[in-house]
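# Summary of structural features
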Amino acid sequence: MHPRNRHRGRYDLERLCQGSPELRPFVRPSPAGEPTVDFADPAAVAALNRALLREYYGVPDWRIPPGYLCPPVPGRADYIHHAADLLAGAGEVPRGDAVRVLDMGVGANAIYPIIGRREYGWSFVGVDADPVALESARAIVASTPGLEGGVELRLQRRAARTLEGALVPGERFDLTVCNPPFHASPAEADAAARRKRRGLGQAADAPRNFAGRATELCFPGGEDAFIRSLIEESAAAPRAALWFTSLVSKAENLADLERAARKAGAVETRVVPMGQGRKVSRFLAWTFERQELPPGHR
C-alpha cells in the first residue's frame with residue numbers, strides 16, 4: 001500500500017470495536033487464532049467500513065441504502081494517495097481548497113470526497129446519475145464535520161455520459177477520479193461474483209460482499225468501453241482537468257486504453273500500479289496539458 005495510507009498494517013479491531021461497538025459481533029478468530037471479520041458477509045464489510053470511516057476520517061455514521069456499492073476503504077485510499085503524488089510531480093503534494101477534484105460517479109458512499117477532503121483538504125464535485133445515490137451522499141456530507149462547504153454534488157441527467165452535461169462552462173479541475181463499471185452485463189457480473197464466492201468458500205447464491213447495483217457494476221462493453229467513452233469526452237473538453245484518471249480492473253485493457261488516450265490527443269499517459277495485500281490494481285491517467293503551474297494555481 002501507499003506509504004501515507006492509514007491502513008497499511010493489520011486492522012486494529014479492538015480499537016475499532018471500542019469506537020464502533022456494532023462491529024464487535026462480526027469479529028471472530030481466524031484459523032490462526034487472530035481476530036478478523038468475515039469478508040464474505042456484506043453486513044460485516046459494511047460494519048467494518050463504518051468503523052474505519054468513523055475512526056480515521058471523522059464520519060460519525062456512514063450508512064448507504066441497501067444494495068448500493070460498499071467500497072473497500074483501504075483500496076480507495078490508495079487511489080487518492082497515488083493521485084496526490086501524480087499532482088505533486090517532483091514537488092510537494094498540493095493541499096487545500098484550491099485543489100479541485102471531480103469524482104465521476106460519486107455513488108451513495110461518497111468515499112473519495114471523504115478521504116480526499118480528510119487527507120488533503122481538497123474540494124470536490126461529485127457527479128452521479130442516480131438520485132437515490134446522491135441523496136445518500138448528501139446525507140453523509142451534511143452529517144460529517146469538514147465536508148460541507150468542500151463537497152458539491154450534482155445530478156448527471158445523461159446516464160450514458162460522464163463528463164458531458166456535468167460540467168459548468170469554463171470549469172476546471174486539477175484531477176478527476178473514477179471507479180468505472182467493470183462488467184459488460186449483469187450476467188457477466190453474476191459470473192464474476194460466483195467465482196469470487198467459490199474463492200471465499202461461499203454458497204453460489206450468497207449475496208455480494210461489497211454489494212453494488214447493476215448501474216454501478218455494468219456498462220455495455222464493460223470497463224474498456226466505458227473508459228474509451230470517458231477518453232472521448234475528455235478530448236472534447238481537454239482543459240476541464242489537468243489529469244483525468246480512472247481505475248482499470250483488467251490489466252489486459254491498459255495498452256489499448258493508453259493508445260486510445262494518445263490518439264485522442266493526450267500529451268502524456270501514465271499507468272499507476274497499486275497493491276493491497278495480494279490484490280494488485282492500477283489506474284490510468286492522461287493529460288492534454290503540460291504541467292506549467294502547480295495544481296490549484298492555474
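Summarised in this report is the structure supplied together with it. Remember, it's a predicted structure, so these values are computed and weren't measured experimentally. (Residues numbered from 1 in each chain as written. Predicted model: local features only at pLDDT ≥ 70, side-chain atom pairs only at ≥ 80, totals over all residues. Heavy atoms only, no water.)

Okay, the pattern of salt bridges next. The tally for this structure, following the rule as stated, stands at 24 salt bridges. Here Arg6 and Glu119 are joined by a salt bridge, their closest N and O atoms 2.7 Å apart. Of the two residues, Arg6 is situated in the segment before α1 (13-19) and Glu119 in helix α4 (residues 111-120); the sequence distance between them amounts to 113 residues. We note a salt bridge from Glu152 to Arg154, for which the minimum N-O separation is 2.8 Å. Glu152 gets classed as partly exposed once you look at its relative accessible area, which sits at 37%. Each of Glu22, Arg54, Asp61 and Arg63 takes part in a single network of salt bridges with overlapping partners. (Salt bridge = Lys/Arg side-chain N within 4 Å of Asp/Glu carboxyl O. Helix = DSSP H or I, 4+ residues; strand = E, 2+ residues; numbered from the N terminus. Buried < 20%, exposed > 50% of the residue type's maximum accessible area, 1.4 Å probe, protein only.)

Overall, mixed pairing links the 7 strands, which are arranged β5-β4-β3-β6-β7-β9-β8 in an open sheet. Edge positions in the sheet fall to β5 (151-155) and β8 (268-276), since each has one partner strand and no second. Strand-to-strand twist of the sheet, defined as the mean angle between neighbouring strand axes without regard to direction, takes the value 20°. Where strand β7 (residues 241-247) meets strand β9 (residues 279-287), 4 bridges bridge the pair, whose relative direction is antiparallel. (Pairing = 2+ DSSP bridges. Axes fitted to C-alpha atoms, helices over the stretch in contact; angles between N-to-C directions.)

This paragraph deals with the nonpolar core. Nonpolar side chains tend toward joint burial in soluble globular proteins. Judged by nonpolar contacts, the single largest core of 55 residues is most densely connected at Leu23, Tyr57, Trp122 and Phe283. Beyond its immediate stretch of four places on either side in the chain, Leu23 contacts Leu13, Leu16, Cys17, Val37, Ala47, Leu48 and Ala51. Counting residues in each nonpolar core, the second largest holds 25 residues, with Cys178, Phe219, Ile231 and Phe288 among its members. (Core = buried A, V, L, I, M, F, W, Y, C linked by side-chain atoms within 4.5 Å. Contact = heavy atoms within 4.5 Å.)

Counted by the stated rule, this structure contains 7 aromatic pairs. For the pair Tyr120 and Trp122, a centre-to-centre distance of 4.8 Å together with 20° between the ring planes defines the contact as stacked. Through a chain of ring-to-ring contacts, three or more aromatic side chains come together here, namely Tyr79, Tyr112 and Phe283. Of note, Arg6 hangs over the ring of Tyr57, and the distance from its end group to the ring centre comes to 5.7 Å. Across the ring face of Phe173, the terminal group of Arg100 is positioned such that the distance to the ring centre comes to 4.4 Å. (Phe/Tyr/Trp six-rings, centres within 6.5 Å; stacked < 30°, edge-to-face > 60°. Lys NZ or Arg CZ within 6 Å of the ring centre and 35° of its normal.)

Turning our eyes to something else, we now look at the side chain of Ser234. Position of Ser234 among the secondary structure elements: in helix α8 (residues 222-236). Here Trp286 takes part through its side chain, which lies 2.9 Å from a polar atom of the side chain of Ser234. Ignoring anything within four residues of it in the chain, the contact list for Ser234 reads Leu163, Phe244, Trp286 and Phe288. (Polar contact = N/O pair within 3.5 Å; in protein donor to acceptor, adjacent residues only side chain to side chain.)

This part covers the side chain of His7. With respect to the helices, strands and loops of the structure, His7 is situated in the segment before α1. Residue contacts for His7: discarding those within four places in its chain leaves Met1, Leu52, Tyr56, Tyr57, Val73, Pro74 and Ala77.

Our focus in this paragraph is the packing of helix α2 (residues 42-57) against α4. Their axes nearest at 11 Å, the elements α2 and α4 cross at an angle of 20°. On the basis of their axis angle, the class for α2 and α4 is roughly parallel. Handedness of the crossing formed by α2 with α4: left-handed. On α4, the residues that touch Leu53, Tyr56 and Tyr57 of α2 are Ile111, Ile114, Ile115, Arg118 and Glu119. (Parallel < 35°, antiparallel > 145°, perpendicular 65-115°, else oblique. Left-handed = near helix turned anticlockwise from the far one by under 90°.)

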